[in-house]
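# Observations on chain architecture
Chain by chain, the residues run as shown.
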Amino acid sequence: MKIRLCLVLLLFTATSMAATGAADPAKTLAYIHRAWPTLTRSIDDCSALRDGRATTRPVVWLPHELPLPAQLERAGKACGVDVRRLPRAIRQIGDVDATKLPAQGLLYLPHPYVVPGGFFNEMYGWDSYFIELGLLADHREALARDMVDNALFEVAHYGGVLNANRSYFLSRSQPPFLTAMIAALLDDPASFRNDDARHAWLARAYPLAVRNHDVWTRPEHRAGDTGLARYFDYGHGPVLEMRDAGYYQGVIRWLLAHRDEDPGDLVRAPQHPGATEAARLKATSCDVAASKVCADAWLGGYRLAADYYLGDRAMRESGFDVNFHFGPFAGSTHHYAPVGLNSLLYRYERDLHDFAAALGKRDDAARWAQAAAARKAAIDRYLWQPAKGLYMDYDFVARKPSDDPYLTTFYPLWAGAASAAQARALQGRLPLFERRGGLAMSTHVTGAQWDAPYGWAPTNWLAIAGLDAYGFHADARRLAGKFTGTVDRSFAGDGTIREKYNVALGNADVRITAGYTQNVVGFGWTNGVYLKLHQLLDRAAAPRAAGRPATAH
């Protein structure tokens, strides 16, 4: 209750200050500095146990092998929460089928963490990296370290860094930023009392970072024979966090209205199938007997194909929910070797090389250097399109590259995977994405939130930091000024910081027509990126050292 009241007062104060004022970065910064406590949760905070997607009594799930922490036992009694133990120890994501749990709930984490905001009331996988950058920029080192330690705890006890710490996310991860989180903490002078403490912490973190890398090399995550990875969720049918079938009915409605764009996601089926038809649908669509959402996901004589549901789940692991870049409603996400994911894994493998070298593990270091080199060769073979001067996602099922440019084309710059010539070509393609208020996700307006004209803090940061790392300082500063200006104008208008922005207009006027329609107030990763962009704008451009291009955290 106290946190909710503080948040209301904070928003009221900020709104009163900003509603009629001009854009003022000082006011935006002041809001961000004060906002972190309102977004911070811990297991003994009853508001942390609230799930905006659930209407039942709160449940906290404890790892099977972990003794009951006294803090959690007290919280369970004080907050009226059921504390339960997972049915078995988890080695890999997907080991526990959440559909078999008697109730969905929060997954226990031992340390405080920052949530994105709004109904996102848990610790998210890739959000946490950008939040951590903001915490370090704001000299909140202890909380930043708590975030990284929680991510490592997820690897140790839940099989990998999860989409978020809810039981219905036990089947998938999110874009792999764990080693970048580790590196950012190690590089921060105030995060450890001395070098010995830093080294000891890395020695504990390194094997867990390796284990999290294994998530992406399992057969299910391989993109055919390309040597690259894809997104994949180990569940089947509609996602468990979906309250009702409205979203999936909307997908069917759109596909029926755009039959020439249906990749095969529609399946003819009755609304109320008999036993024989239900058995067939279990293989061709989803299990109507096991899921009410599945049973209700029918419209006009059609249901959605099982392959669509696999793609829908993979889309959620990608973090890009919803887009039309990977097919209508991203239903073909699992057919692609994405530029973004494989760039992140290249950086991950280079980080593991550096960690192993720092720990004196020379054989490990050599193995990770070889893995990174092999991935870079595959990226150059399958994803780099020299005639277009762009990295393009590769459909390994159809065996052809996408013809739809996407902002993730700049991820190889952040990862240090591009050559100087490739970087120059990419820099020349900025006009495809650059708008008044920053970088748009794509070149096509689809009505989905992860397409044009919308721009997001994390993807703007990765592109801008990558450009800066390769020496395109003027471009980086110009784009940083555009995106921070968008945040400032929006804040001046209503006193809030948002999940995403309309970069064509340079404000928060976001009107989604396909998928999720909200523009959530908070917002963790926008706070973090805003602080990092200000750091970039405030410092003078510094010459880069020779050798491997520097990568910006």
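Everything that follows concerns the structure shown earlier in this document.
Everything numeric here is computed off the predicted structure, so don't read it as measured data. (Residues numbered from 1 in each chain as written. Predicted model: local features only at pLDDT ≥ 70, side-chain atom pairs only at ≥ 80, totals over all residues. Heavy atoms only, no water.)

## Some thoughts on the overall build of the chain
Helix and strand content of the chain: 18 helices and 16 strands. A compact globule built from 553 residues would reach a C-alpha radius of gyration of about 24 Å, and the chain, at 23 Å, matches this within 12%. Its C-alpha atoms give the chain principal-axis dimensions of about 70 × 60 × 60 Å. Taking contacts inside the chain between residues at least 6 apart in sequence as the whole, the part at least 24 apart equals 73%. Of the roughly 20800 Å² that the chain leaves accessible, carbon and sulfur atoms contribute 55%. When the 62 positive and 57 negative side-chain charges of the chain are each reduced to one mean point, those points stand 1 Å apart. (Helix = DSSP H or I, 4+ residues; strand = E, 2+ residues; numbered from the N terminus. Rg over C-alpha atoms; globule rule 2.2 N^0.38 Å. Contact = heavy atoms within 4.5 Å. Areas by Shrake-Rupley, 256 points an atom, 1.4 Å probe, with all protein chains shown as cover. Lys, Arg positive; Asp, Glu negative; His and termini not counted. Charge placed at Lys NZ, Arg CZ, Asp CG, Glu CD.)

## As for the environment of K292
Structurally, K292 is set in helix α10 (residues 292-296). Residue classification places K292 among the exposed residues on the basis of a relative accessible area of 64%. As a C-alpha pair, K292 and D244 span 48 residues in sequence and 7.8 Å in three-dimensional space. Side-chain polar atoms of K292 contact the side chain of D296, separated by 2.6 Å. (Buried < 20%, exposed > 50% of the residue type's maximum accessible area, 1.4 Å probe, protein only. Polar contact = N/O pair within 3.5 Å; in protein donor to acceptor, adjacent residues only side chain to side chain.)

## Here we look at empty space enclosed by the protein
All told, the structure shown has four cavities of 30 Å³ or more when counted by the stated rule. Counted as a void, the largest cavity has a volume near 90 Å³. Y231, F320, G340, L341 and T408 are, among the 16 residues lining the largest cavity, the residues nearest its centre. Take the lining of the largest cavity: its biggest share by element is four residues, from helix α12 (residues 339-358). Looking at the lining of the largest cavity, its residues break down into 12 nonpolar, three polar and one charged. As a volume, the second largest cavity reaches approximately 70 Å³. (1 Å grid on protein atoms, 1.4 Å probe; cavity = no way out; pocket = protein on both sides within 12 Å on 5 of 7 lines; lining within 4 Å. Points joined across faces, edges and corners; volume = space filled by probe spheres on them. Nonpolar A, V, L, I, M, F, W, Y, C, P; charged D, E, K, R; others polar.)

## Examining the environment of W36
Structurally, the position occupied by W36 is in helix α2 (residues 25-39). Sequence separation between W36 and R140 is 104 residues, and the spatial gap between their C-alpha atoms is 9.3 Å. The contacts of W36, once residues within four sequence positions are left out, are V114, I131, G134, L135, D138, R140, G524, N527, G528 and L531. A distance of 2.9 Å separates polar atoms of two side chains, one belonging to W36 and the other to D138.

## A word on the side chain of R41
Within the secondary structure, R41 sits in strand β1 (residues 40-41). At 4.8 Å, D45 is the nearest oppositely charged side chain to R41, a buried residue that forms no salt bridge. Here N121 takes part through its side chain, which lies 2.7 Å from a polar atom of the side chain of R41. (Salt bridge = Lys/Arg side-chain N within 4 Å of Asp/Glu carboxyl O.)

## Some points on the state of the cysteines
Within the structure shown, the criterion is met by two disulfides. Shown here is the disulfide that connects C46 with C79, its sulfur atoms set 2.0 Å apart. As the torsion about the S-S bond is roughly -80°, the C46-C79 disulfide counts as left-handed. Of the two residues, C46 is situated in the loop between β1 and β2 (59-62) and C79 in helix α3 (residues 70-79); the sequence distance between them amounts to 33 residues. Taking relative accessible area as the criterion, C46 reaches 40% and is therefore assigned partly exposed. Paired through a disulfide, C286 and C294 show a sulfur-sulfur distance of 2.0 Å. Between C286 and C294, the S-S torsion sits near 95°, and that sign places the bridge as right-handed. Judged by its relative accessible area of 3%, C286 is buried. (Disulfide = S-S within 2.5 Å.)

## Focus on the packing of helix α7 (residues 195-214) against α12
Contact pair α7 / α12: the axes reach a minimum separation of 10 Å and the direction vectors enclose 145°. Note that α7 runs across α12; the crossing there is left-handed. Residues H199, L202, Y206, A209, V210, N212 and H213 of α7 form the contact with α12, whose participating residues are L345, Y348, E349, L352, F355, A356 and A358. (Axes fitted to C-alpha atoms, helices over the stretch in contact; angles between N-to-C directions. Left-handed = near helix turned anticlockwise from the far one by under 90°.)

## What about the sheet that holds strand β11 (residues 394-395)?
An order of β8-β11-β12 is seen for the three strands of this open sheet, with the pairing classed as antiparallel. The sheet is open, and its two borders are formed by β8 (336-337) and β12 (400-401), each paired with just one other strand. Sheet topology note: the β8/β11 ladder contains two bridges and is antiparallel. Of the residues in β11, the one forming a bridge with A337 is Y394. (Pairing = 2+ DSSP bridges.)

## Quick notes on the nonpolar core
Residues Y158 and I182 are the most contacted members of the largest nonpolar core, which totals 152 residues. V239, V293, M315 and Y336 belong to the second-largest nonpolar core, a separate cluster that totals 31 residues. (Core = buried A, V, L, I, M, F, W, Y, C linked by side-chain atoms within 4.5 Å.)

## Comments concerning the layout of surface pockets
Its volume calculated, the largest pocket comes out at about 1100 Å³. For the lining of the largest pocket, the secondary structure elements donating two or more residues are α10 and α11 (306-318). Across the lining of the largest pocket, the residue classes tally to 20 nonpolar, 11 polar and 12 charged.

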